[in-house]
Amino acid sequence: MLSQVSAGSFSRPDPAIPCWVAPQPKAGSNAPDFDIRNHLYKMIGVDLTTIDGISGYTALQLLSEIGTDMSRWSTEKHFASWLCLCPGNKKTGGRLISGKSRASANRAAGVLRLAAQSLARADCALGAFYRRMKSRLGAPKAITATAHKLAKIVYNMLKHGREYVDVGAEYYEKQHRQRVLKNLERRAAQFELCLTPIAKL
């Protein structure tokens, strides 16, 4: 969930706000040893590490590929399409023959895919989304779908200065259940039927 940040001067990230903690790099790694989170916050005005799955080092890698000027993409959909994280639209004779995402060597997309994969067991809304997609579509497509969602969150934070707030896995599952029930009720109404909950014994 994204919320609007008021324009003006920015301060250091609130240490009370948890950030994604990446696995510690091995000895000899090229990972930087300075406070990436605060340096990036001063530079872009938003804290990308509040997004589950994105650590300070991941945010640094991502910004090194896409930069900070999001005006190059008019909407989040254009941004996701540039990353090749959107469903494909291969048609012939007006009929869709493939919805597979386009293959790409985009390194920013690779960073987002790795971030999405790290959410497999995370107790958050994005983690719940990944697991639901995995149960329906399998791991590869779930990673792409979650990376797509991460890309949209990053775009809105960088372009509109919005903060990301995790609503939690439980809230996400509750909202998903309500959407499913609403769709079932609409389908049942089309056949002049109604849904009746099973009485608990």
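Going by the structure above, here's the rest.
In short, a report on the structure.

How each quantity is defined
- Residues numbered from 1 in each chain as written.
- Predicted model: local features only at pLDDT ≥ 70, side-chain atom pairs only at ≥ 80, totals over all residues.
- Heavy atoms only, no water.
- Helix = DSSP H or I, 4+ residues; strand = E, 2+ residues; numbered from the N terminus.
- Buried < 20%, exposed > 50% of the residue type's maximum accessible area, 1.4 Å probe, protein only.
- Contact = heavy atoms within 4.5 Å.
- Areas by Shrake-Rupley, 256 points an atom, 1.4 Å probe, with all protein chains shown as cover.
- Phe/Tyr/Trp six-rings, centres within 6.5 Å; stacked < 30°, edge-to-face > 60°.
- Salt bridge = Lys/Arg side-chain N within 4 Å of Asp/Glu carboxyl O.

## What about the overall build of the protein?
Part 1 of the reasoning: Counting its secondary structure elements, the protein contains seven helices and four strands.
Part 2 of the reasoning: The helix and strand sequence of the protein, counted from the amino end, reads β-α-α-α-β-β-α-α-α-β-α.
Part 3 of the reasoning: The 201 residues of the protein split such that 36% are buried.
Part 4 of the reasoning: Residue pairs in contact within the protein that sit at least 24 positions apart in sequence constitute 64% of those at least 6 positions apart.
Part 5 of the reasoning: Of the accessible surface of the protein, which amounts to about 13,200 Å², a share of 54% is contributed by carbon and sulfur atoms.

## With respect to the environment of His160
Part 1 of the reasoning: On the secondary structure map, His160 appears in helix 6 (residues 139-160).
Part 2 of the reasoning: Residue classification places His160 among the partly exposed residues on the basis of a relative accessible area of 35%.
Part 3 of the reasoning: Sequence separation between His160 and Met70 is 90 residues, and the spatial gap between their C-alpha atoms is 9.4 Å.

## Observations concerning the packing of aromatic side chains
Part 1 of the reasoning: This model, assessed by the stated rule, comprises four aromatic pairs.
Part 2 of the reasoning: Here the aromatic rings of Phe79 and Trp82 are separated by 6.3 Å at their centres, their planes lie at 20°, and the arrangement is stacked. One end of the pair is Phe79 and the other is Trp82, both in helix 3 (residues 76-82) and three residues apart, which spans about a single turn.
Part 3 of the reasoning: Judged by its relative accessible area of 1%, Phe79 is buried.

## Details of the pattern of salt bridges
Part 1 of the reasoning: Per the stated rule, a full pass over the model turns up two salt bridges.
Part 2 of the reasoning: Put simply, Arg37 and Asp47 hold a salt bridge, and the shortest N to O gap is 2.7 Å. Within this pair, whereas Arg37 is found in helix 1 (residues 36-44), its partner Asp47 is found in the loop between helix 1 and helix 2 (56-66), the two being separated by 10 residues in sequence.
Part 3 of the reasoning: Among the residues examined, Asp47 registers a relative accessible area of 9% and is labelled buried.

## A short note on unusual backbone geometry
Negative phi characterises most residues that are not glycine, and trans characterises most peptide bonds.
Part 1 of the reasoning: Located in the positive-phi region is Cys84, a residue other than glycine, with phi close to 60°.
Part 2 of the reasoning: Position of Cys84 among the secondary structure elements: in the loop between helix 3 and strand 2 (90-92).
Part 3 of the reasoning: Not every positive phi belongs to a glycine, and Glu192 is a case in point at roughly 55°.
Part 4 of the reasoning: Structurally, Glu192 can be placed in the segment after helix 7 (169-190).

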